[in-house]
Amino acid sequence: MIRDTIKAAQISAMKAGEKDRLAAVRLILAKIKDRDIELRTASQQPDDDALVVEVLQKMVKQRRESIALYEQGGRTELAAVEAAELAVIEEFLPAQMTEAETSAAIEAIKAELGASTVKDMGRVMATLKERHGPQLDMSKASGLVKAALG
């Protein structure tokens, strides 16, 4: 389970005295705990790894947006801090599919569903997310699906 890996990383970062890494790992654990609290009242609990991956993907997206904004504003030192956090967060995510693998998966789903126009994009995206969600950046996949159906 990814959650156990993150907790183990927290302990090893403490023992090694890696303050920046420890701070990033604690931030990840705090976000996961927040999500756990949100889901206490939910009628249906998602798979634990799926929940952790969802939280990590959200954090990665936030870091990338922050880095872009900091670089536009000329704040390279803040962008570097965000990039360091991003590297730690990405360590815990499952391996991401390459663009070629994503395109191949899209083509397979497109053929399977008989999708041919942009009107079918919702069905293709839903199937893609269901099958490959944790290994994909859905915003990039969206552009590839649109190109494949366009």
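Draft legend 1. Expanded view of the packing of helix H5 (residues 99–113) against helix H7 (residues 138–149). The contact between H5 and H7 brings their axes to 10 Å, and the two run at 50°. When the axes of H5 and H7 are compared, the pair comes out oblique. Once H5 is placed against H7, the crossing between them reads as right-handed. Between H5 and H7, the contacting residues are Glu99, Thr102, Ser103, Ile106, Glu107 and Lys110 on the first element and Ala141, Leu144, Val145, Ala148 and Leu149 on the second. Residues of the contact of H5 with H7, tallied by class, amount to six nonpolar, two polar and three charged.

Draft legend 2. Representation of the layout of surface pockets within the structure. Of the volumes computed, that of the largest pocket is approximately 820 Å³. Gln57, Gly133, Leu136, Asp137 and Met138 are the residues nearest the centre of the largest pocket, which is lined by 26 residues in total. Mapped by element, the contributors of at least two residues to the lining of the largest pocket are helix H3 (48–72), H5 and H7. Top element by residues in the lining of the largest pocket is H3. It accounts for eight residues. Of the residues that constitute the lining of the largest pocket, the class distribution is ten nonpolar, seven polar and nine charged. Quantified by volume, the second largest pocket comes out at close to 150 Å³. Lining the second largest pocket, in full, are Lys31, Asp34, Arg35, Glu38, Glu54, Val55, Lys58, Met59 and Gln62. Elements with a minimum of two residues in the lining of the second largest pocket: helix H2 (19–38) and H3. Here the lining of the second largest pocket is built from residues that sort into two nonpolar, one polar and six charged.

Conventions adopted
- Residues numbered from 1 in each chain as written.
- Predicted model: local features only at pLDDT ≥ 70, side-chain atom pairs only at ≥ 80, totals over all residues.
- Heavy atoms only, no water.
- Axes fitted to C-alpha atoms, helices over the stretch in contact; angles between N-to-C directions.
- Helix = DSSP H or I, 4+ residues; strand = E, 2+ residues; numbered from the N terminus.
- Parallel < 35°, antiparallel > 145°, perpendicular 65-115°, else oblique.
- Left-handed = near helix turned anticlockwise from the far one by under 90°.
- Contact = heavy atoms within 4.5 Å.
- Nonpolar A, V, L, I, M, F, W, Y, C, P; charged D, E, K, R; others polar.
- 1 Å grid on protein atoms, 1.4 Å probe; cavity = no way out; pocket = protein on both sides within 12 Å on 5 of 7 lines; lining within 4 Å.
- Points joined across faces, edges and corners; volume = space filled by probe spheres on them.

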